[in-house]
Protein chains: 2
Amino acid sequence: MSQGVSLRQVRLAVDCMGGDHGASVTLPACKAFLARHPQAELILVGRAEALLPAAHWARCRVVDAPEVVEMHDAIEVALRRKKRSSMRMAVDLVKPDDAGLSAADACVSAGNTGALMAVSRYVLKTLEGIDRPAIATVMPNQRDGYTTVLDLGANVDCTAEHLLQFAVMGSALVAAVEGKEQPSVGLLNIGEEAIKGSDTIKRAAELLRAAAASGHLNFHGNVEGNDIFTGAADIIVCDGFVGNVALKTAEGLAAMLSAFIKQEFKRNLLTKVAALVAMPVLNHFKARVDHRRYNGAALLGLRGLVFKSHGSADAFAFEQALNRAYDAARNGLLDRVHVRIRDTLQAMPTQTLAGDNDNPKTITPRLTA
Amino acid sequence: MSQGVSLRQVRLAVDCMGGDHGASVTLPACKAFLARHPQAELILVGRAEALLPAAHWARCRVVDAPEVVEMHDAIEVALRRKKRSSMRMAVDLVKPDDAGLSAADACVSAGNTGALMAVSRYVLKTLEGIDRPAIATVMPNQRDGYTTVLDLGANVDCTAEHLLQFAVMGSALVAAVEGKEQPSVGLLNIGEEAIKGSDTIKRAAELLRAAAASGHLNFHGNVEGNDIFTGAADIIVCDGFVGNVALKTAEGLAAMLSAFIKQEFKRNLLTKVAALVAMPVLNHFKARVDHRRYNGAALLGLRGLVFKSHGSADAFAFEQALNRAYDAARNGLLDRVHVRIRDTLQAMPTQTLAGDNDNPKTITPRLTA
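On a predicted model such as this, the values are computed, not experimentally measured, just so you know.

A. Looking closely at the pairing of strand β4 (residues 106-109) of chain B. Residues and elements named next belong to chain B. Both faces of β4 are covered, namely the face carrying Ala106 and Val108 and the face carrying Cys107 and Ser109. The pairing of strand β1 (residues 10-15) with β4 spans four bridges and is parallel. From the neighbouring strand, Ala13 faces β4, where its bridge partner is Cys107. Of the pairings in the sheet, the one linking β4 to strand β11 (residues 305-308) comprises four bridges and is parallel in character. The partner of Cys107 across the bridge, within β11, is Val306.

B. Representation of the interface of chain A and chain B within the structure. Of the residues lining the interface, 57 residues belong to chain A; the matching set on chain B comes to 57 residues. Counting each side, the surface lost to burial between chain A and chain B is near 5300 Å², with a carbon and sulfur contribution of 74%. Remark: the boundary between chain A and chain B carries four salt bridges. With its nearest N and O atoms 2.4 Å apart, the salt bridge here joins Glu224(A) to Lys248(B). Counting the contacts that link chain A with chain B gives ten residue pairs in polar contact (both at pLDDT 80 or more). For the side of chain A that touches chain B, the secondary-structure elements that each account for two or more residues are α4 (113-124), α7 (227-230), α8 (240-265) and α9 (269-288) of chain A. Ranked by residue count, the leading element in the side of chain A that touches chain B is α8(A), at 20 residues. Of the residues assigned to the side of chain A that touches chain B, the class counts are 31 nonpolar, 17 polar and nine charged.

C. Quick look at the packing of aromatic side chains. As enumerated under the stated definition, the model contains four aromatic pairs over all chains in all. When the ring of Tyr146(B) is compared with that of Tyr294(B), the centres are 5.7 Å apart and the planes differ by 75 degrees; the resulting orientation is edge-to-face. Taken together, the residues Tyr146(B) in strand β6 (residues 146-150) and Tyr294(B) in the loop between α9 (269-288) and β10 (297-300) connect sequence positions 148 residues apart. Given a relative accessible area of 33%, Tyr146(B) falls into the partly exposed group. Look at Tyr294(B) and you get buried, because its relative accessible area is 7%. One residue, Arg288(A), lies across the ring of Phe260(B), its end atom 3.8 Å from the ring centre. Here the guanidinium or amino end of Lys125(B) rests over the ring plane of Tyr122(B), the centre of that ring lying 4.8 Å away.

D. Broad picture of the pattern of salt bridges. Per the counting criterion, the structure on display carries 30 salt bridges over all chains. Linking Arg88(A) and Asp92(A) is a salt bridge whose minimum nitrogen-to-oxygen distance equals 3.6 Å. Within this pair, Arg88(A) and its partner Asp92(A) are both found in helix α3 (residues 86-92), separated by four residues, close to a single helical turn. On the accessibility criterion, Arg88(A) (11% relative accessible area) is buried. A salt bridge links Glu181(B) to Arg336(B); the nearest nitrogen and oxygen atoms lie 3.0 Å apart. Taken as a pair, Glu181(B) in the loop between α5 (160-178) and β7 (184-188) and Arg336(B) in helix α11 (residues 333-347) lie far apart in primary sequence, 155 residues in all. Look at Arg336(B) and you get partly exposed, because its relative accessible area is 24%.

Conventions used here
Residues numbered from 1 in each chain as written. Chains lettered and ligands numbered in written order. Predicted model: local features only at pLDDT ≥ 70, side-chain atom pairs only at ≥ 80, totals over all residues. Heavy atoms only, no water. Buried < 20%, exposed > 50% of the residue type's maximum accessible area, 1.4 Å probe, protein only. Helix = DSSP H or I, 4+ residues; strand = E, 2+ residues; numbered from the N terminus. Pairing = 2+ DSSP bridges. Contact = heavy atoms within 4.5 Å. Buried area = accessible area lost by both parts, 1.4 Å probe. Salt bridge = Lys/Arg side-chain N within 4 Å of Asp/Glu carboxyl O. Polar contact = N/O pair within 3.5 Å; in protein donor to acceptor, adjacent residues only side chain to side chain. Nonpolar A, V, L, I, M, F, W, Y, C, P; charged D, E, K, R; others polar. Phe/Tyr/Trp six-rings, centres within 6.5 Å; stacked < 30°, edge-to-face > 60°. Lys NZ or Arg CZ within 6 Å of the ring centre and 35° of its normal.

Next comes the structure, spelled out in structure tokens:
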């Protein structure tokens, strides 16, 4: 476990070869990041020849990794056959030694998500009290803030207990990165169109209410898909299948609307003139919803901090992922997750939930020592 | 079962009291609809005093229903206590008699979705071969066409067999309303970020492949959330929880972007002038993605055609729901669903799927006589 990271410089390990563009994007991003963060150090991991430009940068060290996990590589390839990949070696750097110290405070990669999660899980292991790590990202909302959503695809079938763990981990993330100590948590559900939610969702709501009653969680209640963007809650928890579909649906709609608006402004000479006049306004709008600003998903629940950049990130976007990892490490995210999970589970009574009458389940929270 | 509806006038039963606005929206919509469809007849169901303006309209009959299912009414109230509601009486009108004839060919309501589904299921029952009715709607896509998505919330936990039934019903809908006899079907799944999908999704893919192999379905394969808007497949099937979240996420993002773009154009005098210049282009764009144009979800799998309008629909939107119900009835949607389900299930071998090795399940399609 990292110890008192806020008292010393934050050091990030960067997988410089991951993503669609590799070093041509990651190096400029790292250079800009170093310039903006005089307290930061970087360990750049990748093929030595690709990292030559960074050989003499200040506060920066280069680690040669001869292999690269390609975007199309199967998880097994990343895990078993490429043990000297830049991804694997970057994750290795955040693994704590027996004294609880690690070479880096967090690592950032734009590589294949499935591979990064598998490698991180294998190398770092999960924290006590966490059954499964989750992927959390932020999306902009109408209150000009961010909504943190998790899980986004790491877990396709979640139990109520997993959703509770996601809620606690998300709360730790928002507390660390945004400084809100008691962020509100919404449980993603569906509207009055059907019996509200599955048995899992109903049981999760009971667990979240119990955690809230013990003062360890700020549970807002059920939310619906549109609330990702209304900002009804700081954090929205859901299983990875649903979260992934919601995220990709939003990306697909944004892409379509963007394509349509371009087509409309290019329709004829008159609309092209209108485009020129409207350009500054449209650019302002575009900057406000620019998804690159929200780049950098957190892999939560591991014994080390790992951040995932979008594979297609450009240098600006990759730098945002570095920023998020830096903020999380500087504000002790790892310890925060550990402490919140321990405290929440300890405070919850071992209880029998009546959610499923035919098959009542005894929920025994896993307590950490 | 309705018989040869294309040979006679199409008659729709309209719940005139449903939705947020009741008769003040439904009556103008019905009037406009009648003017545009000289082959159509309407049966308007609602409180007699509210329907007075329509008392003497041609091709139109008024049925007095003393009760109204309110938007907040529980399903039980609609089902058990308001047996003379406009919703219930409108649905009653599409129920076939012993000779297979019904007073109306389809019914349309803007009432509470949960109540409408429950009442429709109770009154009409499901078609042979269908375990659960589903809700299908269309969304615009980048190919300037529509993507039909189902289920949207009627079923929160779906089996692979349910997803197959949704695929067949969706195909019948698109064939009837859009005239595409072999529309493509995509199975909503998540990307390479995790083991691809749950066991249910994997088994559903096997069933869909088997149906495609027998020539009864055009299975496109897996799709992701963004494909709702890329138009990769004509139909996308998913369980009701996921479909509902996807739909609401899209609504939420659209609302946020619309609010942001308005704010940007209202920022100062200069941006307001830009808005004036850009207005015609923006209006054209708005019309293109106007969700009112896609209003009218189909409740599929029942022994009668029921269409659901958005509760907040205005007269223009409600008229679109009437149009969709009219097209579906005129093109024999009910018979199409019946025949497609029968043919698909008959053609599929009783098979054992190896999807779950620990617990192999024998899939026995329910055959219709």
